[in-house]
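The primary structure of each chain is shown beneath.
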Amino acid sequence: MAAATATASSAKASGPSAPRNRNDTFNQKDKPAQVRLSNITAAKAVADAIRTSLGPRGMDKMIETGKKEVVISNDGATILKHMSVLHPAARMLVDLSAAQDVEAGDGTTSVVVLAGSLLIAAEKLLKKGVHPTQIAEGFQYAAIEAVKILEEISIPINLDDREFLLKSATTSLSSKVVSQYSSILAPIVVDSVLRIVNPATDHNVDLNDIRIVKKIGGTIDDTELVPGLVLNQTAITSAGGPTRVEKAKIGLIQFQLSPPKPDMDNQVVVNDYRQMDRILKEERNYLLNLVKKIKKAGCNVLLIQKSILRDAVNSLSLHFLSKLKIMAIKEVERDEIEFLCKATGCKPIADIDSFTEDKLGYADLVEEAESNGSRIVQISGIKNAGKTASIIMRGANQYVLDEADRSIHDALCVIRCLVKKRALVVGGGAPEIEISQRLSELAKTQAGFQSICFQAFAEAVEVIPTTLAENSGLSPISIVTELRNRHANGEKSAGINVRKGTISDMLRENVVQPLLVSTSAIELSTETVRMLLKIDDILASR
Ligand SMILES: Nc1ncnc2c1ncn2[C@@H]1O[C@H](COP(=O)(O)OP(=O)(O)OP(=O)(O)O)[C@@H](O)[C@H]1O
Ligand SMILES: [Mg+2]
């Protein structure tokens, strides 16, 4: 087939020169438009794929990963991350969702749906003959105006206003698989963030200071915010070491309690029993010495970092630790160190010579307890603790746990957004309709292409209420028309009540979301659409 085409084209090439040239010029001129359209089609396909998961009545997706693992999720960023997207333009939408995840944490579905709708609008404008650069520019100005409108209609809040924080977290959780537990999860989310921020001075939250420990067993109902700290790891009991220590002095070591190994592979041949005994004795002395020094500093709970070079502990050192009544916990990951140090007030110790008492953390009680079929180590009554929070999450199986973890992450991000920018907008499509109407008004005052672009942008943002209505089984046309009507009459917070299938005041329905989520969705989606419009060729690199 390819050969036949090649011959055909070469036959053409050898023909009269005039028609060939004309054809070439035509192809060249047509190419940017074709590339643009194919980019738009590919990106729209991605937006279409996750459109159905928007909103509280949205559907979830089941994803089978390359390793044959199953992921069930409603989170836009998670779904897109797992989708194998090949087209470079479509991949831009995947990145867009990831960008929203970093910037705001929530709204990762909305941002892609919005971008898809803006692309459809751009496609129509292109067909009308508006130049891509003009569309890009027009959309940029429209987005700036849209953000201004959002800021205007937003409701400023205070971090002491726990009610509003709870409502925002509940709204974010309401569209997730675990939505029926939002009355339990929302207070946990709000309290854990409030525990680590200082409302007066902080303008950001480091979510690394909130630790979520997932344990299979029980249901999501049993999820709790624990006082103090819980560890992922369990205590080592193989040598009979303690599992409960009162007045604990906690040490965190980054060296190993096992015989040293040379860097290179080598072999020592021992052919004498006395020599053999000497080696064993040396090893024993070496380990005993280490453990004694640890005890001497007063440590009675020892956290040991995971090691790839050699065993972190061996049975002999465990035996000594248990004899000296030191509780040992191994397999502490490298990236946990910072959190653990902050939470327990200890300092990491890299070698035995610097193992001194001032590097230890103090707690009233370290205890390994069993609940719901799994063992967890809990540290309570910590002195000098930094600001951290630990959530212990339970669920019947791994899918539920993982999705609950992602949902809690979204809700934590929502509260983080409110710490960053302390203002709310209502949900349920209300802000989008408001933007749409005010932009349409503005469009009338603009001249030339800008006016067309503003109008197109205004119609495009209506995709959010339309999709919310569609996904809830309502008639999008009648609902959106009615919404427009209400907003025109000055009901700024009228939105879609997806539960009752009507239009209500969203503020009264307690559906609120952070301003930052909405503004960042508008800004990021417009940016991506502008970038896509300005591409006129796709080239492969070597
Ligand atoms: N109770 C509710 N009634 C009406 N609309 C709601 C309600 N709860 C949420 N919404 C709306 O649903 C949309 C959010 O849906 P959803 O949480 O599925 O997607 P997302 O936040 O964009 O993405 P993700 O949560 O996957 O990162 C928002 O427009 C929000 O206003
Ligand atoms: Mg959400």
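For every chain, the first residue of the written sequence is number 1, and numbering continues from 1 onward in sequence order. For this description, chains carry letters from A and ligands carry numbers from 1, given in the order in which they are written. This being a predicted model, a pLDDT of at least 70 is required before a residue's local features are given, and a value of 80 or more before pairs of side-chain atoms are given or counted; all residues contribute to the totals for chains, interfaces and linings.

Where an unreviewed UniProt entry is consulted, the protein chain appears under the name T-complex protein 1 subunit delta, with the organism given as Coemansia aciculifera. UniProt positions are given in the numbering used here, feature names are shortened, and annotations may be inferred rather than shown by experiment. The record held by UniProt for the protein chain lists under Subcellular location (unreviewed entry) the comment "Cytoplasm".

Here a strand pair is declared whenever DSSP counts at least two bridges between the two strands. A run of H or I in DSSP becomes a helix once it reaches four residues, and a run of E becomes a strand once it reaches two; helices and strands are each numbered from the N terminus. Strand direction decides the pairing type here: strand E1 (residues 61-64) and strand E2 (residues 70-73), joined by 4 bridges, are antiparallel. Looking at E2, one finds that Lys61 is bridged to Ser73.

The next point concerns the domain arrangement of the protein chain. How far each domain reaches was decided by an automatic or database domain assignment. When the domains of the protein chain are assigned, the result is domain 1 (27-156 + 426-533) and domain 2 (229-384). Here the C-alpha centre of domain 2 lies 53 Å away from the C-alpha centre of domain 1.

All right, on to the sheet that holds strand E14 (residues 423-426) then. In a beta sheet, neighbouring strands pair by backbone hydrogen bonds and run either parallel or antiparallel. The sheet built from 3 strands is open, its strands ordered E3-E14-E17 with antiparallel pairing. Strand pairing shows two members of the sheet lacking a second neighbour, strand E3 (155-156) and strand E17 (512-514), which therefore form its edges.

Compared with an ideal rise of 1.5 Å per residue, which puts 24 residues at 34 Å, helix H9 (residues 273-296) spans 34 Å between its outermost C-alpha atoms and is within 8% of the ideal. Working definition of burial: number of other C-beta atoms within 10 Å of the residue's own, with buried at 20 or more, exposed at 12 or fewer, and partly exposed in between, all C-beta atoms being placed from the backbone. Inspection of H9 places Leu287, Leu290, Val291 and Ile294 among the buried residues, and these make up the whole buried set. Residues are scored as being in contact if the C-beta atoms we place from backbone atoms lie within 7 Å. Tucked into the core, H9 has its buried residues touching strand E7 (244-253), strand E8 (301-305) and helix H10 (315-323). Phi for Gly298, located one or two positions after H9, is positive at around 100 degrees. Multiplying 1.5 Å by the residue count of a helix minus one yields the expected span of that helix.

Our focus in this paragraph is the site of ligand 1. As a matter of local geometry, ligand 1 sits amid 25 residues, with Thr108, Ser110, Ser175, Gly427 and Gly428 nearest to it. Elements that contribute at least two residues to the shell around ligand 1 include exactly helix H5 (108-128), helix H7 (162-174) and helix H15 (463-471). Each residue receives a C-beta atom placed from its backbone. It is near a molecule or strand if this atom lies within 6 Å of it.

Looking now at the pairing of strand E11 (residues 361-371). Sheet topology places E7 next to E11; 6 bridges connect them, and they run antiparallel. The residue bridging Arg244 from the neighbouring strand is Glu367, located in E11. Pairing analysis gives 8 bridges linking E11 to strand E12 (residues 374-382), with the strands arranged antiparallel. By the bridge assignment, Leu365 is partnered in E12 with Ser380.

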